[in-house]
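Structure assessment
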Amino acid sequence: MAEPKLLPDNLKGSGVASGGLSLEFRLLDESLLDAICQLECEAHAFPWSRKLFSDCLGVRQPCVVAFNDENIVGFAVVNAVAGNAELLNLVVAKKNRRQGIARALLQHVIKAVTPYADTLYLEVRESNESAIALYEDTGFVEVGIRPNYYPAPKGREDAIILAYTL
């Protein structure tokens, strides 16, 4: 019997960021692509392409979008299959950082993938100290390094592989 795949409906819901913001979690749809691509470009020197986000419109790697009062404040892309899950991308709008949104998104993703996976993996730039601190505070542990994984302004940068046991 095949392992169940992550159902996008599990990613819908609501929550509250530690800063007190009420959040609503919805799935990415075509009407949100431009806004998500803009957030991605503001957050990363080497952003995902629109094509990669278009791929998130299907079931393969759903994107959950966090809203506060109809304003997009962040998003996360996740995949879960064959007992493992991977957090592929997590971004919070620059103007909404330091309000607990990333933590709320991460906790929401963890809850959504728990029925489908035993472990949630992710890669993070070794220079992204604030993200590493969030992940470690949540319970992720380092399980490896991918040398020269990310493009960087001067060459390449290692990725730290982290895992969270669900």
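Residues numbered from 1 in each chain as written. Predicted model: local features only at pLDDT ≥ 70, side-chain atom pairs only at ≥ 80, totals over all residues. Heavy atoms only, no water.

Our focus in this paragraph is the packing of helix H3 (residues 101–113) against helix H4 (residues 129–138). Geometry of a packed helix pair, given as the angle between the helix axes and the separation of the axes. Relative orientation of the contacting elements H3 and H4 amounts to 45°, with a least axis distance of 11 Å. Between H3 and H4, the angle falls in the class oblique. For H3 against H4, the interelement crossing comes out right-handed. Between H3, through Ala102, Arg103, Leu106, Gln107 and Ile110, and H4, the contact on the second element is made entirely by Leu134, Tyr135, Asp137 and Thr138. By residue class, the composition of the contact of H3 with H4 is 5 nonpolar, 2 polar and 2 charged. (Axes fitted to C-alpha atoms, helices over the stretch in contact; angles between N-to-C directions. Helix = DSSP H or I, 4+ residues; strand = E, 2+ residues; numbered from the N terminus. Parallel < 35°, antiparallel > 145°, perpendicular 65-115°, else oblique. Left-handed = near helix turned anticlockwise from the far one by under 90°. Contact = heavy atoms within 4.5 Å. Nonpolar A, V, L, I, M, F, W, Y, C, P; charged D, E, K, R; others polar.)

One pass over the structure, following the stated rule, counts 7 salt bridges. Between aspartate 137 and arginine 103 there is a salt bridge, with the nearest N and O atoms lying 2.9 Å from each other. With a gap of 34 residues between them, aspartate 137 in helix H4 and arginine 103 in helix H3 connect regions that are remote in the sequence. Among the residues examined, arginine 103 registers a relative accessible area of 31% and is labelled partly exposed. Across the pair arginine 146 and glutamate 123 runs a salt bridge, and its minimum N-O distance is 2.8 Å. Of the two residues, arginine 146 is situated in strand S7 (residues 141–152) and glutamate 123 in strand S6 (residues 117–125); the sequence distance between them amounts to 23 residues. Residue classification places glutamate 123 among the buried residues on the basis of a relative accessible area of 16%. In this structure, a network of salt bridges that share partners links the residues Glu24, Arg26 and Glu70. (Salt bridge = Lys/Arg side-chain N within 4 Å of Asp/Glu carboxyl O. Buried < 20%, exposed > 50% of the residue type's maximum accessible area, 1.4 Å probe, protein only.)

Leu33, Ile36, Cys37, Leu39 and Glu40 are the residues of helix H1 (residues 33–43) that are buried. Down the axis of H1, the buried side of the element spans an arc of 160°, and every buried residue falls inside it. Opposite the buried face of H1, by more than 90 degrees, sit the exposed residues Asp34 and Gln38. In this structure, the buried side of H1 is in contact with helix H2 (50–55), strand S3 (63–68), strand S4 (71–81) and strand S5 (83–92). (Arc of directions from axis to C-beta.)

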